Amino acid sequence: MIVDILAQFRIPVFSAWRGRSSPSPRDRGDGHLTGRWRSILLIAASILCGWIAWSGEVLLLPVAVFFPLFWAIAPSRPIAALVAAGYFLAASRGLPQGVANFYATDIWPGLLLWLMASASFVIVHAVFWTKPYGEQACGRKDATRALRYLIVIVLMALPPFGITGWAHPLTAAGVLFPGWGWGGLSATVILLVVMTGRKRQIAAAILVGLYVWSATNWTSPKLAPGWMAVDLKQGGNLGRDGSLAYQRDLIDTVRKAAEAREDVRVAVLPESALGFWTPTVARVWREGLRGSNLTVIAGAAVIDSRGYDNVMVALSADATEVLYRERMPVPGSMWQPWLRWTGKGGGARAKFFGNPVAEVNGIRIAPSICYEQLIVWPVLQSLLHSPEVIVAVGNGWWTQNTSIVAIQKASVSAWARLFGLPVVMSFNT
């Protein structure tokens, strides 16, 4: 009798149970489809975030602060990796064309390097991603994710991962908190970390408010009084003419530019402007600047049997000296550590944490050459030493049809505004 009664109620009872707690195959399919579209939208949003933030317009840098949000709510580790890859590849989209321009090849080698360059960014974000928690999650779980993203921030700002740590959201600090210095940098870190937790809506609202306020009151960094930048348009020929006539023409260009303006004491030339740095070049410049009070800062290369240093030199009628040796040359094309490992030698040397500041005419400067303007630790290390001026130079002839030089200038401007420093930028295109 009992068996007969249970048999009568078996189907209704279990049907009700399934409806409450276990989705039908069709429900599961609909949920899977919804999850797939959510993942696609997250990846698309991260691509858009990277594309807009790193377009070369300084006021768009704060868009990058939304990236941690997309990363944190990714439903799985593979999707988190794709979100990171989408953001990074969109931000660095000019690299394939730049490589093709530099090596005069087709686009394929550049595409390969582009993907390789994204590896450290993607791996770090994939490893430190953790599963999203519900809105009722405890504060401890929120703190865990915050700590994980804080570690990501640090890893992508310092070597070895920071060597390709382009598109770092911290760069937006100068737009969101101009003049706040280290306090503004700390506030940006907090904002980025909060973006990964349950209070992300509050962080997003604060971000929008800060952005509107900053964009409304934005002023570009000031040029240092008595300083001037001399931009050149010599393309790939810059510094490759080893003749003394080339050096004398360059001296004439600088002197005329300085004389056309009032009270110029220091003129800045782009990276590699002098070519190879030799005693003969130093003597020609001392003679050429005789009769003036002008000091010239210019890029050059110091070569020896083991490789070379990419440097800034200071030149005047009285003296010449190597002012700064680049801490992080371009990986691959300039910095080639495998040559030293194999005993062959060659390539540019990386100083990493060497010579963060220099002094010109009694003024402490934060020097930055080309690739260093795309990463974080060189500029932050220099700013730790309280410089009075940021001096940034580059040789961007190979960036034609890309936004790379514009991104470099936007990054330098953002750091200068964060610390309220004047800036001098000189580029060759």
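Here the structure is a predicted model, which is why all the values come from computation and not from measurement.

### Considering the confidence of the model for the protein chain
Phase 1: Chain-level statistics for the protein chain give a pLDDT mean of 90 and a share of 91% at 70 or above.
Phase 2: Scored below 50 in pLDDT, residues 1-21 makes two contacts in the model with residues more than four places away or belonging to other chains.

### So, the side chain of serine 382
Phase 1: Along the polypeptide, serine 382 turns up in helix H15 (residues 377-383).
Phase 2: Overall, the relative accessible area of 1% leaves serine 382 in the buried class.

### Remarks on the sheet that holds strand S9 (residues 423-428)
Phase 1: Reading across from one edge, S6-S7-S8-S9 is the order of the four strands in this open sheet, with mixed pairing throughout. Looking at strand neighbours, the two that pair on one side only are strand S6 (358-360) and S9, the edges of this open sheet. Across this sheet, the average inter-strand angle for adjacent strands is 30°, counted without regard to direction.
Phase 2: As paired elements, S6 and strand S7 (residues 363-369) share three bridges and run antiparallel to each other. Within S7, the residue paired with glutamate 359 across the bridge is arginine 364.
Phase 3: Each of strand S8 (389-395) and S9 touches helix H16 (residues 404-418); the most contacted strand, S9, lies at about 170° to it.

### Section: the sheet that holds strand S2 (residues 266-268)
Phase 1: Taken in spatial order, the five strands of this open sheet run S1-S2-S3-S4-S5, and their pairing is mixed. Strand pairing shows two members of the sheet lacking a second neighbour, strand S1 (227-229) and strand S5 (320-325), which therefore form its edges. Neighbour-to-neighbour, the strand axes of this sheet turn through a mean angle of 35°, independent of strand direction.
Phase 2: Across nine bridges, strand S3 (residues 295-304) lies against strand S4 (residues 307-315) in antiparallel orientation. When the sheet's bridge partners are listed, isoleucine 303 is paired in S4 with tyrosine 308.

### Some thoughts on helix H13 (residues 279-288)
Phase 1: All buried positions along H13 are accounted for by Val281, Ala282, Val284 and Trp285. Angularly, the buried residues of H13 cover 165° about the axis, an arc narrow enough to put them on a single face.

### A word on the environment of leucine 384
Phase 1: Mapped onto the elements, leucine 384 comes out in the loop between H15 and S8.
Phase 2: As for leucine 384 and alanine 366, which are separated by 18 residues in sequence, their C-alpha atoms are 9.8 Å apart.

### A closer look at helix H10 (residues 182-194)
Phase 1: Here H10 spans 18 Å end to end across 13 residues, near enough to the 18 Å set by a 1.5 Å rise per residue.
Phase 2: Buried within H10 we find Gly184, Leu185, Thr188, Val189, Leu191, Leu192 and Val193.

### Some words on the pattern of salt bridges
Think of it this way: side chains of opposite charge can pair up when their charged atoms draw near.
Phase 1: Per the counting criterion, the structure on display carries seven salt bridges.
Phase 2: With a closest N to O distance of 3.0 Å, aspartate 309 and arginine 349 form a salt bridge. With aspartate 309 in strand S4 and arginine 349 in the loop between helix H14 (337-341) and S6, the pair connects residues that are 40 residues apart, well separated along the chain.
Phase 3: Exposure remark for arginine 349: the relative accessible area of 13% places this residue in the buried category.
Phase 4: Residues joined by salt bridges that share partners form a network here, namely Asp304, Arg306, Asp309, Arg325, Arg349 and Lys351.

### Structural notes on the environment of phenylalanine 352
Phase 1: With respect to the helices and strands, phenylalanine 352 occurs in the loop between H14 and S6.
Phase 2: A relative accessible area of 25% means that phenylalanine 352 is categorised as partly exposed.
Phase 3: In the structure, phenylalanine 352 is positioned 296 residues away from glycine 56 in sequence and 26 Å away in space, judged by C-alpha atoms.
Phase 4: If we ignore the near neighbours within four places in the chain, the residues touching phenylalanine 352 are Pro159, Ile163, Arg327, Met328, Trp335, Trp377 and Gln381.

### Side note on a nonpolar patch on the surface
Phase 1: Side chains of Leu147, Leu150, Ile151, Val154, Leu158 and Phe353 sit close together on the surface and give an oily, nonpolar patch of about 490 Å² of accessible area.
Phase 2: Position of leucine 147 relative to the elements: it lies in helix H8 (residues 139-155).
Phase 3: On the basis of relative accessibility, which here comes to 51%, the residue leucine 147 falls in the exposed class.

### Some words on the side chain of histidine 168
Phase 1: Checked against the element boundaries, histidine 168 lands in the loop between H8 and helix H9 (173-176).
Phase 2: Classification of histidine 168 as buried rests on a relative accessible area of 4%.
Phase 3: Among the polar contacts made by the side chain of histidine 168, one reaches the main-chain carbonyl oxygen of isoleucine 153 at a distance of 3.0 Å.

The rules we used
Residues numbered from 1 in each chain as written. Predicted model: local features only at pLDDT ≥ 70, side-chain atom pairs only at ≥ 80, totals over all residues. Heavy atoms only, no water. pLDDT = per-residue confidence, 0-100. Contact = heavy atoms within 4.5 Å. Helix = DSSP H or I, 4+ residues; strand = E, 2+ residues; numbered from the N terminus. Buried < 20%, exposed > 50% of the residue type's maximum accessible area, 1.4 Å probe, protein only. Pairing = 2+ DSSP bridges. Axes fitted to C-alpha atoms, helices over the stretch in contact; angles between N-to-C directions. Arc of directions from axis to C-beta. Expected span 1.5 Å × (residues − 1). Salt bridge = Lys/Arg side-chain N within 4 Å of Asp/Glu carboxyl O. Patch = residues over 30% accessible without salt bridge, like charges linked within 9 Å, V, L, I, M, F, W, Y side chains within 5 Å. Areas by Shrake-Rupley, 256 points an atom, 1.4 Å probe, with all protein chains shown as cover. Polar contact = N/O pair within 3.5 Å; in protein donor to acceptor, adjacent residues only side chain to side chain.

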